[in-house]
Amino acid sequence: MQVIILPSAHDVSLYAADRVADVINSKTNPVLGLATGSTPIALYKELVARCQSEQVSFCQTISFNLDEYIGIADSHAQSYRTFMNQHLFDHIDIVRSNTHVPLAESQDIDVLKDSAQDYENSIQQAGGIDLQILGIGVNGHIGFNEPTSSFASRTRIKTLSESTVVANQRFFKENEYQPHLALTMGIGTILESRAVLLMATGKAKAEAVKAMIEGPLSAMCPASALQLHKTATLVLDEEAASVL
Ligand code: GLP
């Protein structure tokens, strides 16, 4: 693992934007793995600016998002599809049919299992992921691979831990239905990406970052699985790195 510590969250987003630009400029049909959450918003803003000023083009890019809530429509204000449209896809030249977010609106377990398998197949058909962007949950999750997730796991249904539900409550209105289940790429799926770039900013992530980097490999800290990845880069601001 390569660990890069930069002074601010802004620097983290610029570093990540450079990495994304390198990948999409270096091959035809680049495949990006994308993440949601507050952390990559500044990265997406930077990519939109670079695309609009014609420094980068996503016209050949294929994307796969890590995860999606189960049981809410794609068009729901809090779906990860909506998040990606609003923060990135609506503002860049990517072909919409080349963007993939797990399809998880159904509550039928067999439909969801098929959807998970289809997602894995689509990633394979695209040639695998060139660069996977990740954030980290305060409990060490990546995607929605909560503590106890197997390092060999593939795209599947996961129950969100109480701390994740609480952490993500801020996005939902009072009394609005908040999903407790998600369809997420597995840790095994993520580890197959040719490169991984995890972004972590802010003090709230410091303990999870320490467990990921200095802790033992443990299913209790899913992000520690990145210690097994040959080309994982962790880019941190000073606050996220403050207890290393
Ligand atoms: C969600 C997402 C993760 C993300 C995490 C941290 O639970 N499923 O992919 O890394 O939140 O989000 P934030 O960047 O808002 O702290």
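Residues numbered from 1 in each chain as written. Predicted model: local features only at pLDDT ≥ 70, side-chain atom pairs only at ≥ 80, totals over all residues.

Draft legend 1. Up close: the site of the ligand. Close to the ligand lie 14 residues, the nearest being Gly37, Ser38, Thr39, Gly135 and Gly137. Residue classes in the shell around the ligand are distributed as 4 nonpolar, 9 polar and 1 charged. (Near = placed C-beta within 6 Å. Nonpolar A, V, L, I, M, F, W, Y, C, P; charged D, E, K, R; others polar.)

Draft legend 2. Local environment of the UniProt feature "site: Part of the allosteric site" (unreviewed entry) in the protein chain. Under the present numbering, the feature "site: Part of the allosteric site" (unreviewed entry) in UniProt falls on Ser149, Arg156, Lys158 and Thr159. For Arg156, the position within the fold is in strand β7 (residues 156-159). Not counting residues up to four positions away in its chain, the partners in contact with Arg156 are Ala116 and Gly186. Position of Lys158 relative to the elements: it lies in strand β7. With residues near it in sequence (within four places) discarded, Lys158 still touches Phe144, Asn145, Glu146, Ala182 and Thr184. (UniProt positions renumbered as here; feature names shortened; annotations may be inferred. Helix = DSSP H or I, 4+ residues; strand = E, 2+ residues; numbered from the N terminus. Contact = placed C-beta atoms within 7 Å.)

Draft legend 3. The sheet that holds β7, seen in detail. Here 3 strands make up an open sheet; going across it, the order is β4-β8-β7 and the pairing antiparallel. Both edges of this open sheet fall to β4 (67-69) and β7, since each of them pairs with a single strand only. Strand after strand, the sheet turns through a mean of 30 degrees between neighbouring axes, direction not considered. Here β7 pairs with strand β8 (residues 181-184) via 4 bridges, running antiparallel. Residue pairing for β8: Thr159 is matched across the bridge by Leu181. (Pairing = 2+ DSSP bridges. Axes fitted to C-alpha atoms, helices over the stretch in contact; angles between N-to-C directions.)

Draft legend 4. Geometry of the pairing of strand β6 (residues 131-134). Every second residue of β6 is oriented toward a common face, with Leu131 and Ile133 on one face and Gln132 and Leu134 on the other, all of them buried. With 2 bridges joining them, strand β2 (residues 31-34) and β6 adopt parallel strand pairing. Within β6, the residue paired with Leu32 across the bridge is Leu131. Examined bridge by bridge, β6 and strand β9 (residues 196-200) share 3 bridges and lie parallel to one another. Paired with Ile133 across the two strands is Leu197, which belongs to β9. (Buried ≥ 20, exposed ≤ 12 C-beta atoms within 10 Å, placed from the backbone.)

Draft legend 5. Geometry of the sheet that holds β2. Taking strand neighbours across the sheet as the criterion, the 7 strands line up as β1-β10-β9-β6-β2-β3-β5 in an open arrangement whose pairing is parallel. The open sheet has two edge strands, β1 (2-6) and β5 (99-100), and neither has a second partner.

Draft legend 6. The UniProt feature "domain: Glucosamine/galactosamine-6-phosphate isomerase" (unreviewed entry) in the protein chain, seen in detail. As annotated in UniProt, the feature "domain: Glucosamine/galactosamine-6-phosphate isomerase" (unreviewed entry) corresponds to residues 10-232 in the numbering used here. Spanning residues 10-232, this segment combines 34% helix with 14% strand, and its end C-alpha atoms are found 20 Å apart.

Draft legend 7. Layout of the nonpolar core. If you look at the biggest cluster of nonpolar residues, it comprises 66 residues, and the most contacted ones within it are Ala16, Ile136, Leu197, Leu198, Met199 and Ala223. Considering each element in turn, this core owes the most residues, 6 residues, to helix α1 (residues 9-26). Apart from the residues within four sequence positions on either side, Met199 is in contact with Val12, Ala16, Thr39, Pro40, Leu43, Ile133, Gly135 and Val235. (Core = buried A, V, L, I, M, F, W, Y, C linked by C-beta atoms within 7 Å.)

Draft legend 8. Quick look at unusual backbone geometry. A positive phi angle is found at Thr148, which is not glycine, with a value near 90 degrees. Along the polypeptide, Thr148 turns up in the loop between β6 and β7. For Thr148, a count of 11 C-beta atoms within 10 Å translates into the label exposed. For Asn175, which is not glycine, the phi dihedral falls at a positive 70 degrees. Take Asn175: it is sitting in the loop between α5 (162-168) and β8.

Draft legend 9. Molecular detail of the environment of Val165. Tracing the backbone shows Val165 in helix α5. C-alpha separation for the pair Val165 and Gly127, spaced 38 residues apart in sequence, amounts to 33 Å. Contact partners of Val165, with chain neighbours within four places excluded, come to Leu160, Gln178 and His180.

Draft legend 10. Focus on helix α4 (residues 109-125). The terminal C-alpha atoms of α4 lie 24 Å apart, and with 17 residues this matches the ideal 24 Å at 1.5 Å per residue to within 8%. Of the residues making up α4, those classed as buried are Leu112, Ser115, Ala116, Tyr119 and Ile123. Buried residues along α4 cover an arc of 100 degrees about the axis, so they all sit on one side. Seen from the buried face of α4, the exposed residues on the opposite side, beyond 90 degrees, are Asp110, Asn121, Gln124 and Gln125. Tucked inside the fold, the buried residues of α4 contact β3 (62-65), β7 and β8. Within two residues after α4, Gly127 carries a phi angle of roughly 100 degrees, on the positive side. (Expected span 1.5 Å × (residues − 1). Arc of directions from axis to C-beta.)

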